[in-house]
Amino acid sequence: MPLLVILSRWLHIVSACLAIGGFFFFRLVLPRGLAILEPDLQTAVLLKTRRTFKMVIHSCILLLLVTGVFNSIIGLRTYNLNPPVLHTLLGIHVLLAMVAFGVALYVLVGPRPPPSHRKLVALNLVLLLLAVAAASTLKWASQKIITAHLTNTSVTDSR
Amino acid sequence: MTSIIWPLVNLLSRYLHIVCATLLVGGTLFYEMVVPIAIDELSTAQQLLVIARARWVFKWIVWLSAGTILISGIISSRNHWFAYTNDRIYRTEMPPRFQSPPEMQVRVPVAGRAGMWWAAHASTGVIAVLIALSLTIGKVPPAQPIRWMRLNLVILLLVMFLATATRHARLQSQERVIPNEPPGLRET
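Procedures and definitions
- Residues numbered from 1 in each chain as written.
- Chains lettered and ligands numbered in written order.
- Predicted model: local features only at pLDDT ≥ 70, side-chain atom pairs only at ≥ 80, totals over all residues.
- pLDDT = per-residue confidence, 0-100.
- Helix = DSSP H or I, 4+ residues; strand = E, 2+ residues; numbered from the N terminus.
- Contact = placed C-beta atoms within 7 Å.
- Axes fitted to C-alpha atoms, helices over the stretch in contact; angles between N-to-C directions.
- Parallel < 35°, antiparallel > 145°, perpendicular 65-115°, else oblique.
- Left-handed = near helix turned anticlockwise from the far one by under 90°.
- Nonpolar A, V, L, I, M, F, W, Y, C, P; charged D, E, K, R; others polar.
- Expected span 1.5 Å × (residues − 1).
- Bend = angle between axes of the 7 residues up to and from the residue.
- Core = buried A, V, L, I, M, F, W, Y, C linked by C-beta atoms within 7 Å.
- Buried ≥ 20, exposed ≤ 12 C-beta atoms within 10 Å, placed from the backbone.

Q: How would you sum up the confidence of the model for chain A? Please name residues and give values.
A: Looking at chain A, pLDDT values average 87 and 94% of them are 70 or higher. At the level of individual helices and strands, chain A shows its lowest average pLDDT in helix H4 (residues 117–158) of chain A, which scores 82, and its highest in helix H3 (residues 83–108) of chain A, which scores 92.

If you want it as structure tokens, here you go:
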């Protein structure tokens, strides 16, 4: 079981890394790399990159959903220690991630990107970074709450 | 004031550590796996130009991420140092009067020691960062850069696995409950 927990969390983080780093590279690094090419060639390369990137993102979304559900079930006992704080943070994380998945799927659907794809990719990057911030705060807060809970239990036990 | 600033610094360092890791890992994968497929129909000269320009932009991201990862890693390590250096006392961040007396403590097995996992994570992390930096130093990339990036990607994935294992071991050590009845408290 511990191995499964570690593996699931690792897969969740790796998928998030590939999605966020990939979108960052796709939006900010690659266009600058392609700037020296002629516009037609730039478009052709971007479309080809998009096709390959689509497969990466679709796999990442699937892995994030599966491991996310599993991690939530595993962490529920901890999250129930302080539902107002931890459930809110978990909810924000899940909501932001779902919106980001929707935008990612919309931007990558079809043979050509939608007209506003540059703005949408930038928006998606911001949403994903906010989702990471919510997850990071959730883990930090749950750690604090576990420590406080154990200290309280210890005091009660010793009395 | 310190009671507000320090938790914020911890939280921020944790966030920055993860974000910079995502940029390094995701960027490396994109650079090494997605871009070469996308530009394979261009002429060799054009391919080299595109790779060189992307490398120049990516270089700044690698350097910034490497610096931030090292600093935030040091802050996080300092924060959890007690858990990493103590293989006997289970309840971290607990006042000494609530910790079990020595005769009631049991040594944690090697696989369960957060400190061992932390050492593995930190050492492989430093190796991965050094490889990433060496690939972006200078105007010309080293020989066989794609092969090096592929190796670095594997090491980065291993580093992340070790980070996950470290956290798991740290939480496990914290959650373990042992009989806890310090003699001083019994009398009160």
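Q: Residue-level account of the confidence of the model for chain B, with values.
A: All names here are of chain B. Per-residue pLDDT for chain B has a mean of 78; in total, 78% of the residues score no lower than 70. Mean pLDDT per element in chain B: helix H6 (residues 183–187) is the minimum at 35, and helix H4 (residues 114–136) is the maximum at 90. Ignoring residues within four places in sequence, the model shows residues 89–93, a span with pLDDT below 50, making 16 contacts including any to other chains. In the predicted structure, residues 177–188 sits below a pLDDT of 50 and forms 18 contacts with residues beyond four places in sequence or in another chain. In the predicted assembly, ipTM is 0.81 and pTM is 0.82.

Q: Would you mind going over the packing of helix H1 (residues 2–34) of chain A against helix H2 (residues 39–79) of chain A in detail, with residue names and values included?
A: Residues and elements named next belong to chain A. Running from N to C, H1 and H2 point in directions that differ by 155 degrees, and their axes come no closer than 8 Å. The angle between the axes of H1 and H2 places the two elements in the roughly antiparallel class. Judged by the twist between their axes, the crossing of H1 over H2 is left-handed. The class makeup of the residues in the contact of H1 with H2 is 18 nonpolar, 9 polar and 1 charged.

Q: Can you explain the packing of helix H2 (residues 44–79) of chain B against H4 of chain B? Please cite residues and give values.
A: Residue and element names in this part refer to chain B. In the contact formed by H2 and H4, the axes pass within 10 Å of each other and the chain directions differ by 160 degrees. Judged on the interaxial angle alone, H4 and H2 are roughly antiparallel. Between H2 and H4 the crossing geometry is left-handed. Touching Arg55, Phe58, Lys59, Val62, Trp63, Ala66, Ile69, Leu70, Gly73 and Ser77 of H2 are Trp118, Ala122, Gly125, Val129, Ala132, Leu133 and Thr136, all from H4. Here the residues of the contact of H2 with H4 sort into 11 nonpolar, 4 polar and 2 charged.

Q: Give me H2 of chain B: which residues, what numbers.
A: The periodicity of an α-helix, 3.6 residues per turn, causes residues three or four positions apart to be oriented the same way. Taking 1.5 Å of rise per residue, 36 residues should cover 52 Å, and H2 of chain B covers 50 Å from first to last C-alpha, within 8% of that figure. Of all the bends in H2 of chain B, the greatest measures close to 25 degrees and is centred on Val57 of chain B.

Q: How would you summarise the interface of chain B and chain A if you had to cite specific residues and measurements?
A: Residue-level contacts link 42 residues of chain B with 44 residues of chain A. It is helix H1 (residues 2–38) of chain B that provides the largest number of residues to the side of chain B that touches chain A, a total of 19 residues. Looking at side-chain class alone, the side of chain B that touches chain A contains 28 nonpolar, 9 polar and 5 charged residues.

Q: Give a detailed account of the nonpolar core, specifying residues and quantitative values.
A: Ranked by internal contacts, the top residues of the largest apolar core, which has 80 residues, are Leu128 and Ala131 of chain A together with Met160 of chain B. If one sorts the elements of this core by residue count, H1 of chain A sits on top with 16 residues. Residues in contact with Leu128 of chain A, not counting those within four places in the same chain, are Ala19, Ile20, Phe23 and Ala100 of chain A.

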